[in-house]
Amino acid sequence: MYLSRFLSLHALWVTVSSMMQHYPSVWGHYDVCKTQIYTEEGKVWDYMACQPEARDMIKYVRVTLDPPDITCGDPPETFCAMGNPYMCNNECDASTQELAHPPELMFDLEGRHPSTFWQSTTWKDYPKPLHVNITLSWNKTIELTDNIVITFESGRPDQMILEKSLDYGRTWQPYQYYATDCLDAFHMDPKSVRDLSQHTVLEIICTEEYSTGYMTNSKIIHFEIKDRFAFFAGPRLHNMASLYGQLDTTKKLRDFFTITDLRIRLLRPATGEIYVDEQHLARYFYAISDIRVYGRCKCNLHATGCKEENKRLLCECEHNTTGPDCGKCKKNYQGRPWSPGSYLPIPKGTANICIPSISSIGNPPKFDRIWPNISSLEVSKPNQANVCDNELLHCQNGGTCVNNVRCQCPPAYTGILCEKLKCERDPGGCSQSSAQGAISHGPLLLLMALLGTAGLHMC
């Protein structure tokens, strides 16, 4: 007897230990929308919150430049090295493939020699500002999961703003300012993400950390997503439950990491000095060799897949939802208002599935028609109707759910869910007395049913 108890406890401990070991990876995935489980009624679907896997979103981006003729090479021009203004043997020519630097080279696979990059015209019109807007559009709502990384082939710009849009480019908000001198450029005190906290994580800062002059080992600019995650999930992002809890309950925080478009505003090229050398303006330009944006399609925790269709990303919605972001219930599944899924409780979250409209249940089923189980919204037993479950869809007016197959209604009521008064079918309609009788008996019958269920449990 004691040995069997010991073995049982040991087996339980092994199971719990195994689950604890796997929790960190489970917290970050939500990669399954449903699984089949066995109940007394047979196999049913158990629904969970789910989301697509994070991926390189640059594969799906569309880029536009403003002004559109800002790319070098038409006409051909020569540019110089920043470190040595007399070394001007580099040429940009749009008509020659080896010498062209079009925008798509910001997103191609690196590794070619020399490295490929987009390049602007030189600052030949100085002192007129050399301004360039690079807009990245997805035509889809994206949730960022990693740092935005921009690699410059030229020096990092003296002044730059990274902006975001949540409405497909109609309005823009600053994400972060970059400058060699924040106070002079943007009238802001310089800060880094390390100066922020949980309470100030949404603050828009200006940083001088990435705006040094030309250095071969200093070409990269970051917008730190993971460092902001770390304020909630810890330095190594081990406590994702805390982050997910914050994202669930704080819309402003969730929106902060959500975009439809990004815009890189280049306001002043790298000069490496306080003053611009007007005798050698061919050394001033912008050049970007790589942009990295990692994220996932926003599907409101109702999908694990996101497909490209007609050059547009669309969520492969589950939980009886539909729309580009799974943002509404499918037709005939509007039995309650649409709601996004929830990360909580860990690790499976809450699916908040759309349930059938009462009006869509219709007439009693035929033998060859498979009806949905309202709890699982999938097939539980072939050729058997499952129309109530006492969880998601109750029998109304004191009705009792019998084996998930039908509602046993009080005498005065009828309908699939006991939602109709019987007297409504009579030619004379419902008299005031019959309606009052039905209303008064409904709660009493429900109370009796609850007391009976409680008695059974006590026995």
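Check the entry above for the structure.
Participant: What's the story with helix α3 (residues 226–233) in this structure? I'm lost.
Facilitator: Every α-helical turn comprises 3.6 residues, leaving residues that sit three or four positions apart pointing alike. Where α3 is concerned, the buried positions are Arg 228, Phe 229, Phe 232 and Ala 233. Burial along α3 is one-sided: seen end-on, the buried residues are contained in an arc of 130°. Next to the buried residues of α3 lie β8 (132–144), β11 (173–179), β13 (220–223), α4 (240–249) and α5 (251–256).

Participant: Got a minute to help me understand the side chain of Ser 357 in this structure?
Facilitator: Topologically, Ser 357 is positioned in the loop between β20 (328–329) and α6 (358–361). Within polar-contact distance, the side chain of Ser 357 engages the backbone nitrogen of Gln 334 at 3.0 Å.

Participant: What is the right way to read the pattern of salt bridges from this model?
Facilitator: Side chains that differ in sign of charge can pair as their charged atoms come close. Here the structure, examined in full by the defined rule, presents 14 salt bridges. Put simply, Asp 255 and Lys 251 hold a salt bridge, and the shortest N to O gap is 2.6 Å. Here Lys 251 and Asp 255 lie together in helix α5, a separation of four residues that amounts to about one turn. Residue classification places Lys 251 among the exposed residues on the basis of a relative accessible area of 53%. Residue Arg 292 pairs with Asp 290 through a salt bridge whose shortest N-O separation is 3.0 Å. One salt-bridge network, in which partners are shared between bridges, spans Glu 163, Arg 263 and Arg 265.

Participant: What should I look at first to understand the packing of α3 against α4 in this one?
Facilitator: The packing of two helices is summarised by the inter-axis angle and the distance between the axes. One can describe the packing of α3 onto α4 by two numbers: an axis separation of 7 Å at closest approach and a directional angle of 100°. Between α3 and α4, the angle is such that the two are roughly perpendicular. Within the contact between the two elements, α3 uses Phe 229, Phe 232 and Ala 233 and α4 uses Met 240, Ser 242, Leu 243 and Gln 246. Across the contact of α3 with α4, the residue classes tally to five nonpolar, two polar and no charged.

Participant: How do you make sense of the environment of Asn 147 when you look at a structure like this?
Facilitator: Assignment of secondary structure puts Asn 147 in the loop between β8 and β9 (148–152). For the pair Asn 147 and Phe 223, spaced 76 residues apart in sequence, the C-alpha separation works out to 5.6 Å. Residues contacting Asn 147, with those up to four places away along its chain left out, are His 222, Phe 223, Glu 224, Ile 225, Lys 226 and Arg 292. Engagement of the side chain of Asn 147 in a polar contact is seen with the backbone nitrogen of Ile 225, the distance being 2.8 Å. Polar contacts involving the side chain of Asn 147 include one to the main-chain amide nitrogen of Lys 226, which spans 3.0 Å.

Participant: Got a minute to help me understand the nonpolar core in this structure?
Facilitator: Note on soluble globular proteins: their nonpolar side chains tend to be buried together. Ranked by internal contacts, the top residues of the largest apolar core, which has 60 residues, are Trp 118, Ile 134, Trp 138 and Ile 291. Sort the elements by how many residues they give to this core and β8 lands first, with six residues. Ignoring any residue separated from it by four or fewer positions in sequence, one finds Ile 291 in contact with Ile 58, Met 106, Phe 107, Leu 136, Val 149, Ile 150 and Ile 264. If you look at the next biggest cluster of nonpolar residues, it comprises nine residues, including Cys 401, Cys 407, Leu 417 and Cys 423.

Participant: Any chance you could explain the sheet that holds strand β15 (residues 287–292) here in plain terms?
Facilitator: The pairing of strands in a sheet happens through backbone hydrogen bonds and is either parallel or antiparallel. Here we have four strands laid out as an open sheet, ordered β7-β15-β9-β13, and antiparallel in their pairing. Of all strands in the sheet, those with a lone pairing partner are β7 (118–119) and β13, marking the two edges. Inspection of the sheet shows β9 paired to β13 by four bridges, in the antiparallel sense. Paired with Val 149 across the bridge in β13 is His 222.

Participant: Would you take a moment to explain the packing of aromatic side chains for this structure?
Facilitator: Two aromatic rings are characterised by how far apart their centres lie and by the angle between their planes. The tally for this structure, following the rule as stated, stands at 13 aromatic pairs. With centroids separated by 6.1 Å and ring planes inclined at 80°, the aromatic side chains of Trp 123 and Tyr 284 adopt a geometry described as edge-to-face. Taken together, the residues span a long stretch of sequence, with Trp 123 in the loop between β7 and β8 and Tyr 284 in the loop between β14 (258–268) and β15 at a distance of 161 residues. For Trp 123, a relative accessible area of 4% translates into the label buried. Relative accessible area serves as the criterion here: at 0%, Tyr 284 is assigned to the buried category. One aromatic cluster is present, built from ring pairs that chain together Tyr 175, Phe 223, Phe 229, Phe 256 and Phe 257. In this structure, Lys 34 is placed above the aromatic ring of Trp 45, and the distance from its NZ or CZ to the ring centre is 4.4 Å. Geometry around Trp 172 places Arg 263 over its ring, the cationic atom sitting 4.3 Å from the centre.

Cut-off values and rules
Residues numbered from 1 in each chain as written. Predicted model: local features only at pLDDT ≥ 70, side-chain atom pairs only at ≥ 80, totals over all residues. Heavy atoms only, no water. Buried < 20%, exposed > 50% of the residue type's maximum accessible area, 1.4 Å probe, protein only. Helix = DSSP H or I, 4+ residues; strand = E, 2+ residues; numbered from the N terminus. Arc of directions from axis to C-beta. Contact = heavy atoms within 4.5 Å. Polar contact = N/O pair within 3.5 Å; in protein donor to acceptor, adjacent residues only side chain to side chain. Salt bridge = Lys/Arg side-chain N within 4 Å of Asp/Glu carboxyl O. Axes fitted to C-alpha atoms, helices over the stretch in contact; angles between N-to-C directions. Parallel < 35°, antiparallel > 145°, perpendicular 65-115°, else oblique. Nonpolar A, V, L, I, M, F, W, Y, C, P; charged D, E, K, R; others polar. Core = buried A, V, L, I, M, F, W, Y, C linked by side-chain atoms within 4.5 Å. Pairing = 2+ DSSP bridges. Phe/Tyr/Trp six-rings, centres within 6.5 Å; stacked < 30°, edge-to-face > 60°. Lys NZ or Arg CZ within 6 Å of the ring centre and 35° of its normal.

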